[in-house]
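Structure at a glance
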Number of protein chains: 2
Amino acid sequence: MTYIERLHHRIKLTGNAVCVGLDPRWESLPTEIRDSAESRPLDPPSSWAVAYREFCMRVINVVAPLVPVVKPQVAFFEQCGPAGMLALRDVIRHARQQGLIVIADAKRGDIGSTAEAYADAWLAGEDPDAATWGADALTVNPYLGADTLEPFVKTAVARQAGLYVLVRTSNPGAARFQDVSDAGGTLFQHVADVVTELSSRSRGEGNANLTNGGYGSIGAVVGATYPGELIELRQRMAGVPFLIPGYGAQGGTAADVRAALDKQGLGAVINSSRGIIFAIDREPYRSRFQPHQWEAAVEQATRDMIADLQAT
Amino acid sequence: MTYIERLHHRIKLTGNAVCVGLDPRWESLPTEIRDSAESRPLDPPSSWAVAYREFCMRVINVVAPLVPVVKPQVAFFEQCGPAGMLALRDVIRHARQQGLIVIADAKRGDIGSTAEAYADAWLAGEDPDAATWGADALTVNPYLGADTLEPFVKTAVARQAGLYVLVRTSNPGAARFQDVSDAGGTLFQHVADVVTELSSRSRGEGNANLTNGGYGSIGAVVGATYPGELIELRQRMAGVPFLIPGYGAQGGTAADVRAALDKQGLGAVINSSRGIIFAIDREPYRSRFQPHQWEAAVEQATRDMIADLQAT
């Protein structure tokens with residue numbers, strides 16, 4: 001099955017398009033996990049890796065029956081050195097064994113044969129063992145040029161993996177470069193058009209509409225924090241699946257992301273990281289659960305997000 | 001010492017501004033190294049990692065007395081999984097022990113606290129043990145916005161490390177997005193202006209001109225394959241050190257990069273990867289050396305590049 005077919009299968013199975021971001025910041029981890037990791041005879045980066053592995057595994061066990069997708073943020077694992085990268089591999093493997101789709105959020109990008117190496121490293125696609133890091137899909141940065149996206153697309157097509165190219169990010173300063181505009185539109189619109197073309201080409205001929213709702217496996221990252229642009233890009237990028245960060249802790253609302261989903265609830269996955277995995281740190285969960293019940297808070301926050309998106 | 005002070009110290013010591021790119025492609029490695037790695041009871045990604053480690057160590061031993069800088073390409077190590085990332089750490093450590101400046105070519109970029117994690121992972125600065133990957137400097141991608149460069153700059157300043165922000169890359173399709181232009185200039189000129197401001201701010205007050213030739217530690221990647229833009233950017237970006245890819249195998253000539261160096265030979269480092277590390281695969285070195293003399297070919301190609309740059 002192609003990436004988009006696997007993704008849609010999971011979305012239909014769970015009845016929602018929630019993506020849980022695995023961003024294991026050390027200072028926010030449950031005390032029991034930090035204490036346990038620090039009790040081992042390891043230097044700090046390696047003990048962090050042990051803690052990130054356990055924390056993410058336990059989050060995965062809670063959310064796997066509820067949501068279609070998880071998105072590990074590679075930076076936090078890379079910060080822990082080789083031990084962290086080993087933990088990341090275990091986390092991705094475990095998530096896939098639990099039936100989850102895994103988007104590796106690495107934002108890689110480089111030229112020619114270097115891009116090929118990154119694609120080969122991350123994009124496992126249907127067979128988790130086809131790449132060393134075993135992900136279903138990868139986030140990619142387009143700054144170096146349209147030609148530098150081609151090796152990623154080629155590997156994604158060959159392995160039935162997915163890609164999400166950064167188009168409009170969710171940070172406050174995103175406009176500084178992404179909104180530079182000429183007669184043809186803004187930079188992010190230019191990137192959007194290239195991604196739409198790559199996506200269209202990778203879908204190939206045939207009954208795309210019958211098998212995957214009209215969407216391909218080459219997608220785009222579009223932030224929820226600029227709802228006007230999200231609507232505009234949804235119309236501009238026919239058949240391109242979105243990965244939408246910015247819901248929840250960053251300020252995006254269910255109403256903001258509604259425009260990105262079609263009647264069938266397809267067309268995008270909506271990510272929340274801190275809002276779910278560290279739910280115990282904020283209301284209403286902090287008052288309802290004891291600190292050691294952090295997994296119950298993760299479950300409730302996940303259910304609440306699903307309900308919030310379904311209510312709109 | 002700040003990054004730029006350490007870099008200039010090495011440039012003066014060696015009398016040149018050559019950067020040797022460590023891009024260890026498996027299919028191009030010397031047969032003896034591949035055979036030795038494959039004789040071990042390891043799965044392919046791990047045996048590649050063993051070979052990359054040995055190959056890079058031996059290249060470092062050859063070039064350390066000759067050039068100021070090496071630039072490992074992170075993608076090739078990442079392709080080998082956790083074993084590859086462990087090999088990369090060893091390679092960086094060995095290069096620094098040999099006195100070389102190490103630029104980790106990872107092209108990382110992300111928002112807020114995620115950017116902080118990447119900066120913390122890579123930017124060791126003066127003390128190689130201050131970050132898990134131990135580099136003097138890191139390449140960074142600006143697409144997500146000027147605000148996303150700030151955490152990298154903050155860590156670089158705190159640890160006396162360096163940064164090279166992608167401005168104009170050396171690939172054929174670089175113009176597709178980097179040349180989108182409004183009334184204020186092209187995208188790459190906008191990025192150039194932001195980098196110049198960050199660089200200027202990070203230099204701070206005082207006698208910058210007396211200690212480091214007027215340059216700061218926040219730099220830019222500008223390809224040698226667009227010589228007109230290289231000249232224009234050199235004038236536009238006062239005090240910003242350049243990392244220039246594209247010399248040699250990619251087509252950039254010594255005359256093309258001349259404009260980026262000032263009278264003292266400062267202002268840029270010029271990278272060559274394949275042209276040096278796989279010199280044995282091309283003329284005149286293929287005819288002059290036997291395959292097992294690949295290290296002699298590396299040395300001769302390095303000396304030839306130094307002479308080529310000095311002759312202009």
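Structure: see above.
Residues numbered from 1 in each chain as written. Chains lettered and ligands numbered in written order. Predicted model: local features only at pLDDT ≥ 70, side-chain atom pairs only at ≥ 80, totals over all residues. Heavy atoms only, no water.

Along its length, chain A carries 15 helices and 10 strands. Relative to the 2.2 N^0.38 estimate, which gives 20 Å for 312 residues, the radius of gyration of chain A is 19 Å and therefore close to what a compact globule would have. Overall, chain A is about 55 × 45 × 40 Å in size when its C-alpha atoms are taken along their principal axes. The buried share among the 312 residues of chain A stands at 62%. (Helix = DSSP H or I, 4+ residues; strand = E, 2+ residues; numbered from the N terminus. Rg over C-alpha atoms; globule rule 2.2 N^0.38 Å. Buried < 20%, exposed > 50% of the residue type's maximum accessible area, 1.4 Å probe, protein only.)

All names here are of chain A. For the pair helix α7 (residues 150–159) and helix α9 (residues 187–203), the least separation of the axes is 11 Å and the interaxial angle reads 30°. By the angle class used here, α7 and α9 are roughly parallel. In this structure, the crossing between α7 and α9 has a hand that is right-handed. Judged by residue contacts, Glu150, Val153 and Val157 of α7 engage Leu198, Arg201 and Ser202 from α9. Per-class residue counts for the contact of α7 with α9 are 3 nonpolar, 1 polar and 2 charged. (Axes fitted to C-alpha atoms, helices over the stretch in contact; angles between N-to-C directions. Parallel < 35°, antiparallel > 145°, perpendicular 65-115°, else oblique. Left-handed = near helix turned anticlockwise from the far one by under 90°. Contact = heavy atoms within 4.5 Å. Nonpolar A, V, L, I, M, F, W, Y, C, P; charged D, E, K, R; others polar.)

Quick look at the relation of the copies chain B and chain A now. Mapping chain B onto chain A calls for a screw motion: a turn of 180° about the axis and a shift of 0.0 Å along it, with 0.0 Å RMSD after fitting. The transformation relating the two chain copies, once decomposed into turn and shift, fits a two-fold axis. (Least-squares fit on C-alpha atoms with pLDDT ≥ 70 in both.)

Each regular strand carries side chains that alternate between the two faces of the sheet. Residue and element names in this part refer to chain A. In terms of residue burial, strand β3 (residues 101–108) counts as a mostly covered element, since 8 of its 8 residues are buried. Neither face of β3 is exposed, since Ile101, Ile103, Asp105 and Lys107 on one face and Val102, Ala104, Ala106 and Arg108 on the opposite face are all buried. Examined bridge by bridge, strand β2 (residues 69–72) and β3 share 2 bridges and lie parallel to one another. Considered in β3, the bridge of Val69 is made with Ile101. Relative to strand β4 (residues 137–140), β3 runs parallel, the two sharing 3 bridges. Paired with Arg108 across the two strands is Val140, which belongs to β4. With respect to chirality, the unit in which β3 leads through helix α6 (residues 112–122) into the neighbouring parallel β4 is right-handed. (Pairing = 2+ DSSP bridges. Right-handed = clockwise from strand over helix to strand, strands pointing away.)

Look at the link from A:Glu283 to A:Pro284: it is a cis peptide, with omega at 5°. In this structure, A:Pro284 sits in the loop between α13 (274–277) and α14 (285–288). For A:Gln160, which is not a glycine, the phi torsion comes out positive at approximately 55°. Classification of A:Gln160 as partly exposed rests on a relative accessible area of 28%. Backbone geometry at B:Lys107 places phi at a positive 50°, although glycine is not the residue there. Structurally, the position occupied by B:Lys107 is in strand β3 (residues 101–108). Its relative accessible area of 9% is what places B:Lys107 among the buried residues.

Residues and elements named next belong to chain A. In spatial order, the strands read β1-β2-β3-β4-β5-β8-β9-β10; together these 8 strands close into a barrel with parallel pairing. Across this sheet, the average inter-strand angle for adjacent strands is 30°, counted without regard to direction. Note: strand β1 (residues 18–22) against β2, 4 bridges, orientation parallel. Residue pairing in the sheet places Cys19 in a bridge with Val69 of β2. Here helix α3 (residues 44–63) sits on the sheet and contacts β1 and β2; the angle it forms with β1, its principal contact strand, is near 165°.

Below, the discussion takes up the pattern of salt bridges. All names here are of chain A. Under the counting rule described, the total for this entry stands at 40 salt bridges over all chains. Residue Glu197 pairs with Arg201 through a salt bridge whose shortest N-O separation is 3.7 Å. In this pair, Glu197 and Arg201 both sit in helix α9, 4 residues apart, roughly one turn of the helix. The class for Glu197 is partly exposed, based on a relative accessible area of 49%. Taking the shortest distance from any N to any O, the salt bridge between Glu283 and Arg286 comes out at 3.5 Å. Through salt bridges with shared partners, one network takes in Glu32, Glu54, Arg58 and Glu295. (Salt bridge = Lys/Arg side-chain N within 4 Å of Asp/Glu carboxyl O.)

The subject of this paragraph is the interface of chain B and chain A. Across the contact, 57 residues belong to chain B and 57 residues belong to chain A. For the chain B and chain A pair, buried surface summed over both sides reaches about 4,800 Å², with 60% attributable to carbon and sulfur atoms. On the chain B side of the contact with chain A, B:Pro82, B:Tyr143 and B:Phe177 bury the most area, a combined 18% of that side's loss. Our count for the chain B to chain A interface comes out at 29 residue pairs in polar contact (both at pLDDT 80 or more). Counting only elements with at least two residues in the side of chain B that touches chain A, the list comes to α4 (74–78), α5 (81–97), β3, α6 (112–122), β5 (162–168), α8 (175–178), β6 (181–182) and α9 (187–203) of chain B. With 7 residues, the single largest contributor to the side of chain B that touches chain A is α6(B). Class assignment for the residues of the side of chain B that touches chain A results in 28 nonpolar, 18 polar and 11 charged. (Buried area = accessible area lost by both parts, 1.4 Å probe. Polar contact = N/O pair within 3.5 Å; in protein donor to acceptor, adjacent residues only side chain to side chain.)

The subject of this paragraph is the packing of aromatic side chains. As enumerated under the stated definition, the model contains 14 aromatic pairs over all chains in all. Ring centres of A:Trp122 and A:Trp133 lie 5.3 Å apart, and the angle between their planes is 25°; this geometry places the pair in the stacked category. Of this pair, A:Trp122 sits in helix α6 while A:Trp133 sits in the loop between α6 and β4; the two residues are 11 residues apart in sequence, bridging distant segments of the chain. A:Trp133 carries the same exposure label as A:Trp122, and that label is buried. Residues B:Trp48 and B:Tyr52 carry aromatic rings whose centres are separated by 6.2 Å and whose planes lie at 45° to one another, so their mutual orientation is tilted. (Phe/Tyr/Trp six-rings, centres within 6.5 Å; stacked < 30°, edge-to-face > 60°.)

From the geometry alone we can't say anything about function, so treat these as descriptive.
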